[in-house]
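Observations on the three-dimensional arrangement
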Amino acid sequence: MQKYADYISRIEIDALWSGKKHIVWNLSPRVNILSGINGVGKSTILNKVVKGLNAGGEFTSHMLKGVHIDVVPEDAKWIRYDVIRSLDSPAPIVTYTGQRNPIQELLPQGSGWEGGSMLDIQLYNLQRKYLDYQVNVGNRIIAQLQQGNADAAQQLSLKKKRFQDIVDELFADTGKKIVRTENEIRFAQIGETLMPYQLSSGEKQMLAILLTVLIEDDQPYVLFMDEPEVSLHIEWQKRLIDLCLELNPHVQIILTTHSPAVIMNGWMDAVTEVSDITL
(Lines give C-alpha, C1' and ligand atoms only; values in the text may rest on other atoms or scores of the structure.)
Protein backbone atom coordinates (compact mmCIF):
# COMPACT_ATOMS: atom_id res chain seq x y z
CA MET A 1 0.00 0.00 0.00
CA GLN A 2 1.24 3.50 -0.86
CA LYS A 3 2.16 5.48 2.23
CA TYR A 4 1.34 9.18 1.96
CA ALA A 5 3.00 11.98 3.91
CA ASP A 6 1.04 14.05 6.40
CA TYR A 7 3.05 17.15 5.57
CA ILE A 8 6.39 18.48 4.37
CA SER A 9 8.74 19.30 7.26
CA ARG A 10 11.72 20.71 5.38
CA ILE A 11 12.63 21.95 1.92
CA GLU A 12 16.20 22.34 0.71
CA ILE A 13 17.13 23.66 -2.72
CA ASP A 14 20.73 23.09 -3.77
CA ALA A 15 21.03 25.85 -6.32
CA LEU A 16 18.53 28.63 -6.79
CA TRP A 17 19.29 30.74 -9.86
CA SER A 18 22.29 28.82 -11.24
CA GLY A 19 23.94 28.12 -7.94
CA LYS A 20 23.87 31.62 -6.51
CA LYS A 21 21.65 30.77 -3.55
CA HIS A 22 21.05 27.77 -1.30
CA ILE A 23 17.63 27.52 0.35
CA VAL A 24 16.80 25.74 3.61
CA TRP A 25 13.21 26.13 4.85
CA ASN A 26 11.80 24.36 7.92
CA LEU A 27 8.04 24.17 7.67
CA SER A 28 5.07 24.16 10.02
CA PRO A 29 2.55 21.32 9.62
CA ARG A 30 -0.25 23.79 8.89
CA VAL A 31 0.52 27.28 7.51
CA ASN A 32 3.68 28.58 5.84
CA ILE A 33 3.80 31.98 4.18
CA LEU A 34 6.79 33.05 2.08
CA SER A 35 7.29 36.80 1.75
CA GLY A 36 9.80 39.15 0.19
CA ILE A 37 10.24 41.94 -2.34
CA ASN A 38 9.67 41.41 -6.06
CA GLY A 39 12.34 39.34 -7.76
CA VAL A 40 13.76 37.82 -4.58
CA GLY A 41 12.68 34.31 -5.57
CA LYS A 42 9.37 33.49 -3.85
CA SER A 43 7.68 32.01 -6.88
CA THR A 44 10.91 30.40 -8.06
CA ILE A 45 11.21 28.48 -4.79
CA LEU A 46 7.59 27.31 -5.00
CA ASN A 47 7.94 26.35 -8.67
CA LYS A 48 11.11 24.33 -8.05
CA VAL A 49 9.43 22.33 -5.31
CA VAL A 50 6.34 21.64 -7.43
CA LYS A 51 8.47 20.77 -10.45
CA GLY A 52 10.49 18.39 -8.27
CA LEU A 53 7.32 16.65 -7.18
CA ASN A 54 6.03 16.49 -10.74
CA ALA A 55 9.31 14.94 -11.86
CA GLY A 56 8.33 11.76 -10.07
CA GLY A 57 4.57 12.08 -10.25
CA GLU A 58 3.46 12.18 -6.63
CA PHE A 59 6.52 10.25 -5.51
CA THR A 60 9.23 11.97 -3.49
CA SER A 61 12.61 10.29 -3.15
CA HIS A 62 13.83 13.16 -0.94
CA MET A 63 15.99 14.44 -3.81
CA LEU A 64 14.34 15.58 -7.01
CA LYS A 65 16.27 17.79 -9.42
CA GLY A 66 18.23 19.51 -6.66
CA VAL A 67 15.20 19.79 -4.38
CA HIS A 68 15.45 17.83 -1.11
CA ILE A 69 12.16 17.21 0.67
CA ASP A 70 11.72 15.85 4.20
CA VAL A 71 8.28 14.63 5.16
CA VAL A 72 6.35 13.33 8.16
CA PRO A 73 6.24 10.42 8.64
CA GLU A 74 9.80 9.96 7.41
CA ASP A 75 9.15 6.68 5.61
CA ALA A 76 6.29 8.08 3.48
CA LYS A 77 7.03 7.96 -0.25
CA TRP A 78 4.08 9.83 -1.68
CA ILE A 79 2.64 13.32 -1.23
CA ARG A 80 -0.87 14.43 -2.09
CA TYR A 81 -0.70 18.01 -3.32
CA ASP A 82 -2.48 20.69 -5.34
CA VAL A 83 -1.28 23.95 -6.87
CA ILE A 84 -3.18 27.23 -7.15
CA ARG A 85 -1.63 29.99 -9.28
CA SER A 86 -2.83 33.57 -9.58
CA LEU A 87 -2.05 33.97 -13.28
CA ASP A 88 -5.22 33.43 -15.31
CA SER A 89 -3.92 33.38 -18.87
CA PRO A 90 -6.06 32.70 -21.97
CA ALA A 91 -6.55 29.00 -22.64
CA PRO A 92 -5.38 27.56 -25.96
CA ILE A 93 -7.82 25.87 -28.34
CA VAL A 94 -5.81 22.67 -27.89
CA THR A 95 -4.40 21.96 -24.42
CA TYR A 96 -0.87 20.80 -23.66
CA THR A 97 -2.16 17.21 -23.50
CA GLY A 98 -3.13 17.42 -27.16
CA GLN A 99 -6.84 17.43 -26.35
CA ARG A 100 -9.30 20.08 -27.40
CA ASN A 101 -9.98 22.73 -24.77
CA PRO A 102 -13.22 21.50 -23.09
CA ILE A 103 -14.31 25.06 -22.34
CA GLN A 104 -14.83 25.59 -26.08
CA GLU A 105 -17.88 23.35 -25.93
CA LEU A 106 -19.33 24.82 -22.75
CA LEU A 107 -19.30 28.57 -23.27
CA PRO A 108 -21.92 30.22 -25.49
CA GLN A 109 -20.69 31.52 -28.84
CA GLY A 110 -20.50 35.30 -29.09
CA SER A 111 -20.29 35.64 -25.32
CA GLY A 112 -16.71 36.88 -25.25
CA TRP A 113 -15.62 33.74 -23.33
CA GLU A 114 -15.14 31.40 -26.30
CA GLY A 115 -11.50 30.61 -25.50
CA GLY A 116 -11.95 30.57 -21.77
CA SER A 117 -8.88 30.72 -19.53
CA MET A 118 -6.52 28.39 -17.73
CA LEU A 119 -8.55 29.01 -14.57
CA ASP A 120 -11.68 27.93 -16.45
CA ILE A 121 -9.99 24.66 -17.37
CA GLN A 122 -8.97 24.20 -13.74
CA LEU A 123 -12.58 24.71 -12.67
CA TYR A 124 -13.73 22.26 -15.34
CA ASN A 125 -11.40 19.59 -13.94
CA LEU A 126 -12.45 20.43 -10.37
CA GLN A 127 -16.10 19.91 -11.34
CA ARG A 128 -15.26 16.33 -12.39
CA LYS A 129 -13.48 15.72 -9.07
CA TYR A 130 -16.38 17.33 -7.19
CA LEU A 131 -18.73 14.72 -8.67
CA ASP A 132 -16.37 11.94 -7.53
CA TYR A 133 -16.19 13.51 -4.07
CA GLN A 134 -19.99 13.51 -3.77
CA VAL A 135 -20.18 9.86 -4.83
CA ASN A 136 -17.56 8.87 -2.25
CA VAL A 137 -19.28 10.79 0.54
CA GLY A 138 -22.66 9.42 -0.54
CA ASN A 139 -21.37 5.85 -0.35
CA ARG A 140 -20.07 6.45 3.17
CA ILE A 141 -23.41 7.98 4.20
CA ILE A 142 -25.27 4.92 2.88
CA ALA A 143 -22.90 2.62 4.78
CA GLN A 144 -23.51 4.50 8.02
CA LEU A 145 -27.27 4.45 7.53
CA GLN A 146 -27.21 0.72 6.86
CA GLN A 147 -25.42 0.30 10.18
CA GLY A 148 -28.04 2.43 11.92
CA ASN A 149 -25.66 5.36 12.52
CA ALA A 150 -27.93 8.24 11.53
CA ASP A 151 -25.90 10.85 13.43
CA ALA A 152 -22.65 9.77 11.76
CA ALA A 153 -24.36 9.87 8.36
CA GLN A 154 -25.55 13.42 8.99
CA GLN A 155 -22.05 14.51 10.03
CA LEU A 156 -20.66 13.28 6.72
CA SER A 157 -22.98 15.63 4.82
CA LEU A 158 -22.04 18.73 6.80
CA LYS A 159 -18.75 19.56 5.04
CA LYS A 160 -20.34 19.91 1.60
CA LYS A 161 -23.13 22.04 3.10
CA ARG A 162 -20.56 24.23 4.85
CA PHE A 163 -18.72 24.70 1.54
CA GLN A 164 -21.97 25.79 -0.12
CA ASP A 165 -22.80 28.14 2.76
CA ILE A 166 -19.34 29.74 2.59
CA VAL A 167 -19.59 30.35 -1.16
CA ASP A 168 -23.10 31.78 -0.83
CA GLU A 169 -21.88 34.08 1.92
CA LEU A 170 -18.88 35.28 -0.07
CA PHE A 171 -20.97 35.91 -3.22
CA ALA A 172 -23.95 37.43 -1.38
CA ASP A 173 -23.24 41.01 -2.47
CA THR A 174 -23.81 40.07 -6.11
CA GLY A 175 -26.87 37.94 -5.37
CA LYS A 176 -25.31 34.67 -6.51
CA LYS A 177 -26.20 31.42 -4.77
CA ILE A 178 -25.19 27.83 -5.45
CA VAL A 179 -28.03 25.78 -6.93
CA ARG A 180 -28.19 23.00 -4.35
CA THR A 181 -30.37 20.68 -6.41
CA GLU A 182 -27.57 20.25 -8.98
CA ASN A 183 -24.70 17.80 -8.64
CA GLU A 184 -22.40 20.09 -10.61
CA ILE A 185 -21.81 23.61 -9.38
CA ARG A 186 -24.20 26.13 -10.87
CA PHE A 187 -25.25 29.54 -9.59
CA ALA A 188 -28.62 31.25 -9.51
CA GLN A 189 -28.66 35.03 -9.95
CA ILE A 190 -31.83 37.05 -10.49
CA GLY A 191 -33.65 34.22 -12.22
CA GLU A 192 -30.70 33.14 -14.36
CA THR A 193 -28.42 30.13 -14.05
CA LEU A 194 -24.69 30.77 -14.34
CA MET A 195 -21.83 28.36 -14.88
CA PRO A 196 -18.59 28.87 -12.92
CA TYR A 197 -16.92 30.12 -16.12
CA GLN A 198 -19.28 33.12 -16.10
CA LEU A 199 -18.06 34.37 -12.71
CA SER A 200 -15.65 37.24 -12.23
CA SER A 201 -11.91 36.50 -12.01
CA GLY A 202 -11.93 36.92 -8.22
CA GLU A 203 -14.98 34.70 -7.79
CA LYS A 204 -13.46 31.99 -9.98
CA GLN A 205 -10.19 32.18 -8.06
CA MET A 206 -11.90 31.83 -4.67
CA LEU A 207 -14.18 29.05 -5.90
CA ALA A 208 -11.20 27.13 -7.30
CA ILE A 209 -9.31 27.38 -4.01
CA LEU A 210 -12.21 26.32 -1.80
CA LEU A 211 -13.26 23.53 -4.14
CA THR A 212 -9.68 22.23 -4.29
CA VAL A 213 -9.58 22.04 -0.49
CA LEU A 214 -13.02 20.45 -0.17
CA ILE A 215 -12.54 17.58 -2.61
CA GLU A 216 -9.44 16.34 -0.77
CA ASP A 217 -12.06 15.03 1.66
CA ASP A 218 -10.25 15.73 4.95
CA GLN A 219 -7.12 13.84 3.88
CA PRO A 220 -3.65 15.19 4.75
CA TYR A 221 -2.18 16.95 1.74
CA VAL A 222 -0.16 20.00 0.71
CA LEU A 223 -1.71 23.05 -0.97
CA PHE A 224 0.76 25.30 -2.79
CA MET A 225 -0.56 28.78 -3.61
CA ASP A 226 1.41 31.40 -5.55
CA GLU A 227 0.09 34.87 -4.70
CA PRO A 228 -3.52 33.70 -4.30
CA GLU A 229 -4.64 37.19 -3.30
CA VAL A 230 -4.55 38.45 -6.90
CA SER A 231 -8.13 39.40 -7.94
CA LEU A 232 -9.46 38.74 -4.42
CA HIS A 233 -11.25 41.45 -2.42
CA ILE A 234 -9.34 42.42 0.71
CA GLU A 235 -12.00 40.87 2.98
CA TRP A 236 -11.66 37.60 1.09
CA GLN A 237 -7.88 37.79 1.46
CA LYS A 238 -8.25 38.10 5.24
CA ARG A 239 -10.41 34.98 5.45
CA LEU A 240 -8.60 32.83 2.90
CA ILE A 241 -6.39 30.76 5.21
CA ASP A 242 -9.06 30.29 7.88
CA LEU A 243 -11.60 29.08 5.31
CA CYS A 244 -9.15 26.57 3.85
CA LEU A 245 -8.39 25.15 7.30
CA GLU A 246 -12.09 25.00 8.14
CA LEU A 247 -12.85 22.90 5.06
CA ASN A 248 -9.87 20.63 5.71
CA PRO A 249 -8.02 20.88 9.05
CA HIS A 250 -5.40 18.44 7.72
CA VAL A 251 -4.19 20.61 4.84
CA GLN A 252 -0.67 22.04 4.94
CA ILE A 253 -0.64 25.46 3.26
CA ILE A 254 2.52 26.74 1.57
CA LEU A 255 1.97 30.08 -0.12
CA THR A 256 3.71 33.18 -1.40
CA THR A 257 2.15 36.60 -0.99
CA HIS A 258 2.67 40.35 -1.20
CA SER A 259 -0.54 41.12 0.67
CA PRO A 260 -0.60 42.11 4.35
CA ALA A 261 -4.32 41.22 4.41
CA VAL A 262 -3.59 37.49 3.99
CA ILE A 263 -1.82 37.38 7.37
CA MET A 264 -4.13 39.77 9.25
CA ASN A 265 -6.19 37.06 10.98
CA GLY A 266 -3.40 35.90 13.26
CA TRP A 267 -0.91 34.45 10.77
CA MET A 268 1.99 36.85 11.28
CA ASP A 269 4.04 34.14 13.01
CA ALA A 270 3.64 31.91 9.94
CA VAL A 271 5.53 34.38 7.70
CA THR A 272 9.08 33.60 6.55
CA GLU A 273 11.19 36.08 4.62
CA VAL A 274 13.17 34.64 1.71
CA SER A 275 16.30 36.26 3.12
CA ASP A 276 15.85 34.24 6.35
CA ILE A 277 16.08 30.89 4.53
CA THR A 278 18.84 31.83 2.07
CA LEU A 279 22.42 30.66 2.70
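In the block above lies the structure referred to throughout.
So, a few notes on the structure that sits alongside this text. Note that this is a predicted model, so its numbers are computed, not measured. (Residues numbered from 1 in each chain as written. Predicted model: local features only at pLDDT ≥ 70, side-chain atom pairs only at ≥ 80, totals over all residues. Heavy atoms only, no water.)

Within the protein, the secondary structure is distributed over six helices and eleven strands. Counting across all 279 residues of the protein, residues that qualify as buried make up 46%. The contacts of the protein with a sequence gap of at least 6 include a subset with a gap of at least 24, amounting to 67%. Carbon and sulfur atoms make up 52% of the accessible area of the protein, which amounts to about 13,600 Å² in all. (Helix = DSSP H or I, 4+ residues; strand = E, 2+ residues; numbered from the N terminus. Buried < 20%, exposed > 50% of the residue type's maximum accessible area, 1.4 Å probe, protein only. Contact = heavy atoms within 4.5 Å. Areas by Shrake-Rupley, 256 points an atom, 1.4 Å probe, with all protein chains shown as cover.)

Moving on: the packing of helix 3 (residues 118-146) against helix 5 (residues 201-214). Two numbers describe how helix 3 lies on helix 5: the axes approach to 10 Å, and their chain directions differ by 35°. The way helix 3 lies across helix 5 gives a crossing that is left-handed. Residues Leu119, Asp120, Leu123, Leu126, Tyr130 and Tyr133 of helix 3 form the contact with helix 5, whose participating residues are Ser201, Lys204, Gln205, Leu207, Ala208, Leu211, Thr212 and Leu214. Within the contact of helix 3 with helix 5, the residues separate by chemical class into nine nonpolar, three polar and two charged. (Axes fitted to C-alpha atoms, helices over the stretch in contact; angles between N-to-C directions. Left-handed = near helix turned anticlockwise from the far one by under 90°. Nonpolar A, V, L, I, M, F, W, Y, C, P; charged D, E, K, R; others polar.)

Moving on to the packing of aromatic side chains. As enumerated under the stated definition, the model contains six aromatic pairs in all. Between Tyr130 and Phe163, the ring centres sit 6.1 Å apart and the planes meet at 50°, which makes this aromatic pair tilted. Of this pair, Tyr130 sits in helix 3 while Phe163 sits in helix 4 (residues 150-170), and the two are 33 residues apart along the sequence. Here Tyr130 matches Phe163 in class, with each residue buried. Relative to Trp236, the ring of Phe171 has its centre 5.7 Å away and its plane inclined at 25°; by these criteria the two rings are stacked. Of this pair, Phe171 sits in the loop between helix 4 and strand 6 (177-178) while Trp236 sits in helix 6 (residues 234-247), and the two are 65 residues apart along the sequence. (Phe/Tyr/Trp six-rings, centres within 6.5 Å; stacked < 30°, edge-to-face > 60°.)

Mapped onto the elements of the fold, Ile8 is located in strand 1 (residues 7-16). Under the relative-accessibility criterion, Ile8 is labelled buried at 0%. Sequence spacing of Ile8 and Ile253 is 245 residues, and the spatial spacing of their C-alpha atoms is 10.0 Å. Leaving out residues up to four positions away in the same chain, Ile8 has contacts with Leu27, Ser28, Ile69, Asp70, Val71, Ile79, Val222, Phe224, Gln252 and Ile254.

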